[in-house]
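Chain by chain, the residues run as shown.
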Amino acid sequence: QVQLVESGGGLVQAGGSLRVSCAASGGTFSNYAIGWFRQGPGKEREFVVGINWSGRNTYQADSVKGRFAISRDNAENTAYLQMNSLKSEDTAVYYCAASYFGSGRSYQGEYRYWGQGTQVTVSS
C-alpha cells in the first residue's frame, strides 16, 4: 500500500513558477511510475505529466509542453512537478498518482494510488 502526499501548492501570479512535491511512503518508490493530474473548476480530471518507473521516459499533455516538467528523486521517495510560465487556466487541484511498474502515460486507470491533492491558483 502506497501513500502519496502532495505539498507546495499555493497562489502565484500569471507568468510565475511553482514547484509541487509528491512524497511517497509504504512501497518501493523506484518501482512506481508517477503521474500528475489536475482538476480545474467545473472540469474533469486530466493528465498533466508523467514519468515511468525507471525514470527514462516522461510524458506531457500538449497544454503544458515546454512549461511543466516532472522529475523524481528515488533516494527521497519524492516526485516533483515544476511549473513555469503559469497561466490562469492552470488553476486546479493537482494530484499525484502511482502505478506499479507503470508507463507514466495519461491513462488514469493505470494508477492505483492517489494523493489528496494540492490547490494551485494562478491569478491574472
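Everything here concerns the structure above.
Residues numbered from 1 in each chain as written. Predicted model: local features only at pLDDT ≥ 70, side-chain atom pairs only at ≥ 80, totals over all residues. Heavy atoms only, no water.

Notes on empty space enclosed by the protein
Under the criterion given, the structure shown has one cavity of 30 Å³ or more. Approximately 50 Å³ is the volume attributed to the largest cavity. Residue lining of the largest cavity: V2, L4, A24, S25, G26, G27, T28, F29, Y32, I34 and A98, and that is the complete set. Of all the secondary-structure elements, those providing two or more residues to the lining of the largest cavity are strand 3 (18-25) and strand 4 (32-39). Grouping the constituent residues of the lining of the largest cavity by class yields seven nonpolar, four polar and no charged. (1 Å grid on protein atoms, 1.4 Å probe; cavity = no way out; pocket = protein on both sides within 12 Å on 5 of 7 lines; lining within 4 Å. Points joined across faces, edges and corners; volume = space filled by probe spheres on them. Helix = DSSP H or I, 4+ residues; strand = E, 2+ residues; numbered from the N terminus. Nonpolar A, V, L, I, M, F, W, Y, C, P; charged D, E, K, R; others polar.)

Some words on the sheet that holds strand 3
Here four strands make up an open sheet; going across it, the order is 1-3-8-7 and the pairing antiparallel. Two strands close off the open sheet at either side, each with one partner strand: strand 1 (3-7) and strand 7 (68-73). Across the sheet, the mean angle from the axis of one strand to that of its neighbour is 20°, orientation sign disregarded. When strand 7 meets strand 8 (residues 78-83), the two strands line up antiparallel, connected through six bridges. Note on strand 8: the bridge partner recorded for R72 is A79. (Pairing = 2+ DSSP bridges. Axes fitted to C-alpha atoms, helices over the stretch in contact; angles between N-to-C directions.)

Description of the packing of aromatic side chains
Under the counting rule described, the total for this entry stands at eight aromatic pairs. An angle of 70° between the planes, with centres 5.6 Å apart, marks the rings of F37 and F47 as edge-to-face. Highlighted residues: F37 in strand 4 and F47 in strand 5 (residues 46-51), separated in sequence by ten residues. Note on accessibility: F37 and F47 belong to one class, buried. Pairwise contacts between aromatic rings join Y32, W53, Y100, F101 and Y113 into one cluster. (Phe/Tyr/Trp six-rings, centres within 6.5 Å; stacked < 30°, edge-to-face > 60°. Buried < 20%, exposed > 50% of the residue type's maximum accessible area, 1.4 Å probe, protein only.)

In short, shape yes, function no, at least from these values alone.
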